[in-house]
Amino acid sequence: MTAEAEAGTEAPAKKGVPKLFIIIGAALVVLLLAGGGLFFFLSSSGSSEEGSGDHGAAATAEVHDTFIFNLQPMMVNLSSEEGSQGFMKLTIALEVADEEMMTEIQPRLAKVIDAFQVYLRELRKSDLEGSAGIYRLKEELLRRVNLAIYPAHVESVLFKEILVQ
């Protein structure tokens, strides 16, 4: 019986050792992959930062060369949800590349305001919730202004005031 007892104790030890090696090997593979991924991520972001350093300076220079075209404040009724009344007061500025673009926008300003009013009146309060809602609003207004003033081009829409009640 002592031989069977010894054989019984040796068998689990033999099974446990390969499992231990497999677990350790898998852990090493995961660590190597994670280390490689981290190295790749850090090296690629470091090189893009070096390259973008020049672009960042250029972008900063471009910002100083842009012009701001202020629009009159707009107040619109929002589309009602379940009988609740709401309105939005919005003050917008348009960022343009140069003074020539400002003079091109001026005669088309009525088209811009009309495009904004039509879109804003269809909004609900729930459409404007959170930063994602405001971002969608900004992108949609930028798209609409660029359609209204084509071939002129606006760089971005800047919110000076947003009030939703």
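Residues numbered from 1 in each chain as written. Predicted model: local features only at pLDDT ≥ 70, side-chain atom pairs only at ≥ 80, totals over all residues. Heavy atoms only, no water.

1. Some words on the overall build of the protein
Next, step 1: Check the secondary structure of the protein and you find four helices and four strands.
Next, step 2: Going from N to C terminus, the protein has its helices and strands arranged as α-β-β-β-α-α-α-β.
Next, step 3: Within the protein, buried positions represent 22% of all 165 residues.
Next, step 4: The contacts in the protein between residues at least 6 apart in sequence include a share of 70% that link residues at least 24 apart.
Next, step 5: A total of about 11,400 Å² of accessible surface is found on the protein, and carbon and sulfur atoms cover 62% of it. (Helix = DSSP H or I, 4+ residues; strand = E, 2+ residues; numbered from the N terminus. Buried < 20%, exposed > 50% of the residue type's maximum accessible area, 1.4 Å probe, protein only. Contact = heavy atoms within 4.5 Å. Areas by Shrake-Rupley, 256 points an atom, 1.4 Å probe, with all protein chains shown as cover.)

2. Notes on helix 3 (residues 109–121)
Next, step 1: Its 13 residues place the ends of helix 3 18 Å apart at the C-alpha level, agreeing with the 18 Å of an ideal helix rising 1.5 Å per residue.
Next, step 2: Of all the residues in helix 3, the buried ones are Val112, Ala115, Phe116, Gln117, Tyr119 and Leu120. (Expected span 1.5 Å × (residues − 1).)

3. Structural notes on the nonpolar core
Next, step 1: Counting 27 residues, the largest nonpolar core has Ile92, Phe116, Leu120 and Leu141 as the members making the most contacts within it.
Next, step 2: Of all elements in the fold, only strand 2 (74–77), strand 3 (87–96), helix 2 (99–105), helix 3 and helix 4 (130–148) reach the threshold of two or more residues within this core.
Next, step 3: Apart from the residues lying within four places of it in its own chain, the contact partners of Phe116 are Leu71, Met74, Ile92, Leu141 and Val145. (Core = buried A, V, L, I, M, F, W, Y, C linked by side-chain atoms within 4.5 Å.)

4. With respect to helix 4
Next, step 1: Here helix 4 spans 27 Å end to end across 19 residues, near enough to the 27 Å set by a 1.5 Å rise per residue.
Next, step 2: Against the buried residues of helix 4 lie strand 3, helix 3 and strand 4 (156–164).

5. Focus on the pairing of strand 2
Next, step 1: Residue alternation in strand 2 divides its side chains into a buried set, Met74 and Val76, and an unburied set, Met75 and Asn77.
Next, step 2: Strand direction decides the pairing type here: strand 2 and strand 3, joined by four bridges, are antiparallel. When the bridges of strand 3 are listed, Met74 appears paired with Leu90. (Pairing = 2+ DSSP bridges.)

6. Description of the side chain of Asn146
Next, step 1: Among the secondary structure elements, Asn146 is positioned in helix 4.
Next, step 2: At a separation of 2.7 Å, a polar atom in the side chain of Asn146 contacts the main-chain amide nitrogen of Val154.
Next, step 3: Those residues in contact with Asn146 that lie beyond four places of it in its chain are Ala152, His153 and Val154. (Polar contact = N/O pair within 3.5 Å; in protein donor to acceptor, adjacent residues only side chain to side chain.)

7. Here's the deal with a nonpolar patch on the surface
Next, step 1: A contiguous nonpolar patch, built from Leu20, Ile24, Leu28 and Leu31 and spanning about 390 Å² of accessible area, is present on the exposed surface.
Next, step 2: Position of Leu28 among the secondary structure elements: in helix 1 (residues 2–65). (Patch = residues over 30% accessible without salt bridge, like charges linked within 9 Å, V, L, I, M, F, W, Y side chains within 5 Å. Salt bridge = Lys/Arg side-chain N within 4 Å of Asp/Glu carboxyl O.)

8. Topic: the pattern of salt bridges
Next, step 1: Scanning the model with the defined rule gives four salt bridges in all.
Next, step 2: Its salt-bridge partner being Asp127, residue Arg124 comes within 3.3 Å of it at the nearest N-O pair.
Next, step 3: Among the residues examined, Arg124 registers a relative accessible area of 36% and is labelled partly exposed.
Next, step 4: One salt bridge connects Glu140 with Arg144, and the closest N-O pair in it is separated by 2.8 Å. Taken together, the positions of Glu140 and Arg144, both in helix 4 and four residues apart, correspond to about one turn of that helix.

9. Considerations on the confidence of the model for the protein
Next, step 1: The predicted model of the protein has a mean per-residue pLDDT of 80, with 77% of residues at 70 or higher.
Next, step 2: In the predicted structure, residues 47–63 sits below a pLDDT of 50 and forms zero contacts with residues beyond four places in sequence or in another chain. (pLDDT = per-residue confidence, 0-100.)

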